[in-house]
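# Results of the structural survey
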Amino acid sequence: MANNAKWIRKIIYFLVISVIFLSCSPTKRVPDNEYLLDKSKIKIDQGKASKEELKKFIRQKSNKRILGLRFHLWLYNMASPEKEKGISGWLRKIGEEPVIYDEYLKKKSTQQLTGYLHSKGFYGAQVNDTVHYKRKKVRVNYHINTNEPITIKSLSYNIQDKAIESIVMRDTPNSLVKIGGNFDTDMLQEERQRIELLLKQKGYYNFTKQYITYLADSSSNNLMVNLTMTIKKFQQVDKNNNTTYRDHKKYQINKVFVYTDFDPRKALFLKDIYYKSFDTIYDNGIYFITQFSDKTNRKIVFQTNFIREGSLYDITNVNSTYQHLNSLQIFKLINIQFAEVDSIAGDSIDLGYLNCTIQLSRYLLQSYTVELQGTNSSGNIGVGGNFLYQHRSLFGGAEIVDFKINGSVETLNENIRNIKNTLELGSDITINIPKFVLPIFRAEEFSKKHKPKTQISIGYNYQDRPDYQRTIANFSYGYTWEENKIKRHIFRLVELNAVKLPFVTENFKTVIERTLLSSSYENHIVSVTSYSFLFNNQDIKKNRNFNYLRVNTEISGNVLTAVKQITDAKKVDGSYQIFGIPYSQYVKADIDFRYYQLLNESNSFVYRIFLGGAFPYGNSNAIPFEKQYFSGGANSIRAWNVRDIGPGSYSGDTISNYPNQTGDLKLEANFEYRFKLFWVLESALFLDAGNIWAIKEDKREGALFKKDEFYKEIAIGTGLGFRFDLSFVIVRLDIGLKLRDPGLPSDQRWIVGNRRFVWDDLTFNIGIGYPF
């Protein structure tokens, strides 16, 4: 222990010395008569404006900081200026050279800030900059006084095309331009784009925002404008450069052509020879252009295609077709093109026609992967492997089938009595069908809008431990669908789990028979119906804050109990049974909320809170082990190993040293400060807190949830994490340090202030991906 404490002190000393070095001599590589740009700040002296938006217009940013320290600049300064290669060259590459203050860029920043404020209606805004010199550093402050904005007094329309006028005027409640709002030119551009989209949803294929102009009359000179929107007629120039004006044409879909297995390389090099190798089949309003060897199910293409022969052009249908075809996961390239064709004799000159061509290039239908992996579960080291096989269209209807065989062997901790190793083998097959399959209703419009899928899964798992053998067979059948881009629903109609223990040692029985865990290690059947709702408003195209929410609910055993009661079945040993095995009955619900605060391109805060509870009743005295909550591990409270916390203040040594601590209630909160270091290396500082509890009294002393005691039983851990972003996967190492241990006596739970840290207070967690 003394040696471990020495190592911890050395680590702390190293971190302190590193901080000192990081904070020293940031101007080390700043040339004479030049200054390091220390900070650029925006100060709004008067008025209302978004600082975050204003920061985007500062042309010169200071060096990146981590916890207020210029880490990347420090790396750069560590390099020898006389050496271009080796370590010095690498340090300059991963570091960041000092940002030298530039007077010209300061003036450009002032101009751009002024221009931005003008675009938001603050035409009287004043932007003044001040520069503060201190030694070899410079701080620049931009002082902003927005003054009163120009607002919109009235809005009128001059729409020269009467058909378009009818559409636009009916849609004015959705207009972004509001009377009394700021005269915001960015908002006016967004309104032009909105109207362009609106008209392209109504058949106007060739309409663009260039036909929309504004006229602002500010002659009243009272900080208000009278705004007029003009939508011009279609302008056409003939070969003699004569210009004519006419109403905009609506376009109707004439024919739809679908190449179901298109090869763009052959089309490029072989040209006409390649196109002549196809056959054409007309089916359900679509011309399918295929080759003899192509086995694509035309019904699947029809179900995912929104562009229909005889319908008006609608850009929403085009986008939906892209999204739905892509969701099938069998096409690597989707290209949709339109071409104007001559008007049909006798039709209105105001109606045009389009031929639509959809080119689909397929993935390889079959693939397999072999994986080898090291495992570390509760500190138990082992090796495992997986064989995965996938078929992207097994029955010809884009049914994705995943088959997996897995196995692992672990050597268990020596301090656990009579345990040496464990073996686990398993296999499962999952089928994803891109539609609702009975007994759920069939609704074509719903399917086209919400991209539903049916998922069927069958699996089997065998566990061989020195203290028991257990087999788990499972079957599930359910549905997923998207409400919109940010909301998703998962409904599992049925999930069956049959757990059987053919062998249990007498010692293990003795260990758990006095606890509620005994019910979890008996033969039982779990029949579950569950529903999950997911919300995620992340926009990968924009660097902005976002939220994630997942709500899960599940019930078990109610239908089976109702059937047993209706048929007047008899209980055996106090519970109803199926095939001689009792089934579980419980209700469970939990919520997982996360908030991602993006500070800049290199730094972010992540907050998470989890709350869940499960309650057995009727046919069960306890929640099945596989459905109970646990805490600790790489995605939980990282200062403890997985399943090593709680429940409550239970220390784990009053009955046994068995490591699988579980509970019926769970409360957890996490915070991470994430920052990029260099190359593929990222890091994080984290703080985790939480615990699990039992809802019924058992022999695990301190495990029971008590509303006036639970907050005293919160475990708290902190630590440092390293993440290696390899583009295709993120490998993570988190080093957790216990701060508060609820398993200790109540007056010793805070480690800080009670004793020195020891090596056992550290926990190393290896994971794939971010923890949340």
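Cut-offs and rules
Residues numbered from 1 in each chain as written. Predicted model: local features only at pLDDT ≥ 70, side-chain atom pairs only at ≥ 80, totals over all residues. Heavy atoms only, no water. Helix = DSSP H or I, 4+ residues; strand = E, 2+ residues; numbered from the N terminus. Contact = heavy atoms within 4.5 Å. Buried < 20%, exposed > 50% of the residue type's maximum accessible area, 1.4 Å probe, protein only. Lys, Arg positive; Asp, Glu negative; His and termini not counted. Salt bridge = Lys/Arg side-chain N within 4 Å of Asp/Glu carboxyl O. Polar contact = N/O pair within 3.5 Å; in protein donor to acceptor, adjacent residues only side chain to side chain. 1 Å grid on protein atoms, 1.4 Å probe; cavity = no way out; pocket = protein on both sides within 12 Å on 5 of 7 lines; lining within 4 Å. Points joined across faces, edges and corners; volume = space filled by probe spheres on them. Nonpolar A, V, L, I, M, F, W, Y, C, P; charged D, E, K, R; others polar. Core = buried A, V, L, I, M, F, W, Y, C linked by side-chain atoms within 4.5 Å. Axes fitted to C-alpha atoms, helices over the stretch in contact; angles between N-to-C directions. Parallel < 35°, antiparallel > 145°, perpendicular 65-115°, else oblique. Left-handed = near helix turned anticlockwise from the far one by under 90°.

### Some words on the overall build of the protein chain
Across its full length, the protein chain holds 15 helices and 31 strands. A fraction of 64% describes how many contacts in the protein chain between residues 6 or more apart in sequence connect residues 24 or more apart.

### Let's talk about the side chain of Lys453
Within the secondary structure, Lys453 sits in strand β18 (residues 453-465). Despite its burial, Lys453 pairs with no opposite charge, the nearest such side chain being Glu482 at 7.3 Å. At a separation of 3.2 Å, a polar atom in the side chain of Lys453 contacts the main-chain carbonyl oxygen of Ser327. Beyond its immediate stretch of four places on either side in the chain, Lys453 contacts Ser327, Gln329, Ile433, Pro434, Lys435, Phe436, Gly478, Tyr479 and Thr480.

### As for the layout of surface pockets
Picture a little ball the size of a water molecule; that probe, rolled over the atoms, points out where space is still empty. If you add up the space inside the second largest pocket, you get close to 1300 Å³. Looking at the second largest pocket, it is lined by 31 residues, and the ones nearest its centre are Glu52, Lys55, Lys61, Leu599 and Asn600. With five residues, the top contributor of residues to the lining of the second largest pocket is strand β1 (residues 36-46). A class-by-class count of the residues in the lining of the second largest pocket yields eight nonpolar, 10 polar and 13 charged.

### Side note on the nonpolar core
Core analysis: the largest hydrophobic core is formed by 25 residues, its most contacted members being Val256, Val258, Ile307, Tyr313, Ile336, Phe338 and Ile358. Contributions of two or more residues to this core are made by β9 (250-259), β11 (286-290), α10 (298-304), α11 (315-327), β12 (331-341) and β13 (351-362). When near neighbours in sequence (up to four residues on either side) are disregarded, Val258 contacts Ile286, Tyr287, Phe288, Ile289, Val301, Ile358 and Leu360. Ile42, Tyr101, Tyr116 and Phe122 belong to the second-largest nonpolar core, a separate cluster that totals 16 residues.

### What to know about the packing of helix α3 (residues 71-78) against helix α4 (residues 86-94)
Packing of α3 against α4 brings their axes to within 7 Å, and their N-to-C directions diverge by 155°. As the angle between them shows, α3 and α4 are arranged roughly antiparallel. Judged by the sense of rotation from one axis to the other, the crossing of α3 with α4 is left-handed. Seen from α3, the contacting residues are His72, Leu75, Tyr76 and Met78; seen from α4, they are Leu91, Arg92 and Ile94. Tallied by class, the residues present in the contact of α3 with α4 amount to five nonpolar, one polar and one charged.

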